[in-house]
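# Survey of secondary and tertiary structure
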Amino acid sequence: MSFSALGLSPAVLLAASKKSYITPTPVQAEVIPAVLWGEDILAQAQTGSGKTAAYVLPLLHLMTTDSSKALILVPTRELAVQVGNEIKGLLAALGKMTRPIKLGTVFGGVAINPQMMQLRGGADVLVATPGRLLDLIDKNAVRPEFFNTLVLDEADRLLDMGFAAEINRILALLPAKRQSLFFSATFPDDVNALATGILNNPTRVMIASTETTQPDILQRAVFVDAGRRADVLAHLIKENAGQRMLVFVASKHGSEQLANTLYAKGINAAPFHGEFSQGRRNQVLAEFKSGSLQVVVATDLAGRGIDIDGLPFVVNYDLPRSPVDYTHRIGRTGRNGASGTAISLISAATEAHFRLIENRLNIRLNREVLAGFEARLTSMPAVVNTGGVKGVRMSKKDKLRAAAARAEQENQ
Ligand code: AMP
């Protein structure tokens, strides 16, 4: 089966192929034609099933052929950013082939003013978390009566996160005559009840779970001078704006210190370690789960057992002591069928240790160098010939000479 059999316009087909979407996933094959027919959808779909493109591609088709506007409600800012990026990529691929389509992506936990500016003149497709959307509606920055398509993405998580009241308020503001698309990974009673209230004789799409036993974790290693790790981390955090990161360090002190450094750089970060009371630990985790906290800097205490649903990134700021700890740490991401990324920061001093971890786990990661953060020290200084006599303890003077040689090498 190819995309061309699904009824999408040539412009949208070309955009899909530019994004290397060649064969529709099972969810896409069923959802796309039904959306183009104007039907409501009730789909069971998980992250990784291609569910985003399943609704975005036909919505783009509809938006380019008439003037429909779509509202996409998502539970977390991570998903808002992810969906927004997917739409952005397709819009870029559409280029000038169609009338311009304006995208808005809004979520809580950040200043509202830039979002109000972004929405001036309206948005044709708006990706939003419910609370922030209502704030924007209250400030007249969004006119809900113009959205004739509603998507609920990850409806079960929207309810789990306590958004039922907000969703009902939003539903009351949308036009009664609209197309509604409902996506959820699970269907407990409250999700079914919400679907029944929203949908009008929907097409049901139930695809067998795509969950695999092998977690989908992309492992990366970034090579950087040890002293620049905090800068690289801040860069990675900003590059992945809005996405949560669990950062591992070696000590309680390191956890406090790095969280402070990040906080001073304007990043919403908090420490997490064994000296915290259970109450405080729960609070940090609750804020992290809700997305109001973006970065948690933790000791290995958080390496085991903690399940933060949909955590997209784990960073090894300090390397773990053992391959077992490495496996536990990176296993905090890529859970429950979701995909995730684990990034280890490697410096000259820790390269040999990381090699041992790689050998034990039978992996070999490419050492990435980030532009602007090239390491000055690419290997540990070989034992410098200081003039000391082999087998004889170094004199004070020899030690000073060796230190000076090392410093010189580091400054090259
Ligand atoms: P999702 O389930 O929407 O989170 O999508 C999972 C990933 O699959 C995303 O990175 C998409 O860009 C990608 N994707 C979606 N549809 C296709 C397709 N038909 N072919 C290849 N990749 C796809």
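Conventions adopted
Residues numbered from 1 in each chain as written. Predicted model: local features only at pLDDT ≥ 70, side-chain atom pairs only at ≥ 80, totals over all residues. Heavy atoms only, no water. Helix = DSSP H or I, 4+ residues; strand = E, 2+ residues; numbered from the N terminus. Buried < 20%, exposed > 50% of the residue type's maximum accessible area, 1.4 Å probe, protein only. Pairing = 2+ DSSP bridges. Right-handed = clockwise from strand over helix to strand, strands pointing away. Near = heavy atom within 4 Å. Polar contact = N/O pair within 3.5 Å; in protein donor to acceptor, adjacent residues only side chain to side chain. Areas by Shrake-Rupley, 256 points an atom, 1.4 Å probe, with all protein chains shown as cover. Nonpolar A, V, L, I, M, F, W, Y, C, P; charged D, E, K, R; others polar. Contact = heavy atoms within 4.5 Å. Core = buried A, V, L, I, M, F, W, Y, C linked by side-chain atoms within 4.5 Å. Axes fitted to C-alpha atoms, helices over the stretch in contact; angles between N-to-C directions. Phe/Tyr/Trp six-rings, centres within 6.5 Å; stacked < 30°, edge-to-face > 60°. Lys NZ or Arg CZ within 6 Å of the ring centre and 35° of its normal.

Next up on the list: the environment of L319. The topology assignment puts L319 in the loop between β12 (313-316) and α13 (323-330). Separated by 69 residues in sequence, L319 and A250 have C-alpha atoms that sit 7.5 Å apart.

This paragraph deals with unusual backbone geometry. Within the chain, N201 stands out as a residue other than glycine whose phi angle is a positive 45°. Of note, N201 is situated in the loop between α9 (189-198) and β7 (203-206). Owing to a relative accessible area of 69%, N201 belongs among the exposed residues under this scheme. Within the chain, N362 stands out as a residue other than glycine whose phi angle is a positive 60°. Tracing the chain through its elements places N362 in the loop between α14 (351-361) and β14 (367-368). According to the relative accessible area criterion, N362 is exposed, its value standing at 71%.

Here strand β11 (residues 295-298) shows two buried faces, one formed by V295 and V297 and the other by V296 and A298. Note: strand β10 (residues 269-272) against β11, four bridges, orientation parallel. Looking at β11, one finds that P271 is bridged to V297. Each parallel crossover has a hand, and the one from β10 via helix α12 (residues 278-290) to β11 is right-handed.

Around the ligand, the surrounding shell holds 13 residues, and the nearest of these are Y21, Q28, G48, G50 and T52. In this structure, G50 approaches the ligand through a main-chain N or O atom, which is 2.7 Å from an oxygen atom. In the environment of the ligand, an oxygen atom lies 2.5 Å from a nitrogen or oxygen atom belonging to the side chain of T52. Look at the ligand: alone it shows 500 Å² of surface, and the protein chains cover 71% of it. Counting residues per element, the ones that place at least two in the shell around the ligand are α3 (51-65) and α4 (77-94). When grouped by side-chain class, the residues that make up the shell around the ligand number two nonpolar, nine polar and two charged.

Turning our eyes to something else, we now look at the side chain of T129. Inspection of the secondary structure assignment puts T129 in the loop between β4 (125-128) and α6 (130-138). Classification of T129 as buried rests on a relative accessible area of 7%. What T129 contacts, discounting residues up to four positions off in sequence, is V74, P75, T76, R77, V106, F107 and G108.

A word on the nonpolar core. Formed by 46 residues in total, the largest nonpolar core has its most connected members in V31, Y55, L57, L60, I72 and I87. Ignoring sequence-local partners within four residues, the contact set of I87 consists of V56, I72, L103, V125 and V127. Listed in part, the 32 residues of the second largest apolar core include L119, L134, L136 and I170.

So, on to helix α10 (residues 229-239). For α10, the full list of buried residues reads R229, A230, V232, L233, A234, L236 and I237. The inward-facing, buried residues of α10 contact β8 (216-223), β9 (245-248), α11 (252-264), β11, β12 and β13 (339-346).

In this section: the sheet that holds β4. On the basis of which strands lie adjacent, the open sheet formed by seven strands has the order β3-β4-β2-β5-β6-β1-β7 and parallel pairing. Edge positions in the open sheet fall to β3 (103-106) and β7, since each of these has one partner strand only. Neighbour to neighbour, the strand axes of the sheet diverge by 10° on average, direction disregarded. Taken together, the four bridges between strand β1 (residues 41-44) and strand β6 (residues 179-184) define a ladder with parallel strand orientation. Residue Q44 lies in a different strand from β6, and its bridge partner there is S184. This element, α3, spans β2 (70-73), β4, β5 (149-152) and β6 of the sheet and lies at about 165° to β6.

Attention now moves to the sheet that holds β10. Read from one edge to the other, the open sheet built from seven strands follows the order β10-β11-β9-β12-β13-β8-β14, with strand pairing classed as parallel. Edge positions in the open sheet fall to β10 and β14, since each of these has one partner strand only. Along the sheet face, α10 touches β8, β9, β11, β12 and β13 and points at about 160° away from the line of β13. Packed on one face of the sheet, α12 meets β9, β10 and β11 and runs near 140° to β10.

In this fold, K51 is placed in helix α3. A residue is classified by how much of its surface remains accessible, and K51, at 4% relative accessible area, is buried. Dropping the residues within four chain positions of it, K51 is found in contact with V27, A45, Q46, L79, D153, E154 and F183.

Moving on, we get to the packing of aromatic side chains. Counted by the stated rule, this structure contains two aromatic pairs. Look at Y55 and F183: their rings are 5.2 Å apart centre to centre, the planes differ by 50°, and that puts the pair in the tilted class. Of this pair, Y55 sits in helix α3 while F183 sits in strand β6, and the two are 128 residues apart along the sequence. With a centroid separation of 6.0 Å and 65° between ring planes, the pair formed by Y326 and F354 is classed as edge-to-face. With a gap of 28 residues between them, Y326 in helix α13 and F354 in helix α14 connect regions that are remote in the sequence. With relative accessibility at 1%, the residue Y326 sits in the buried group. The positively charged end of R244 is found above the aromatic ring belonging to F288, 5.7 Å away from the centroid.

Purely geometric numbers; function is a separate question.
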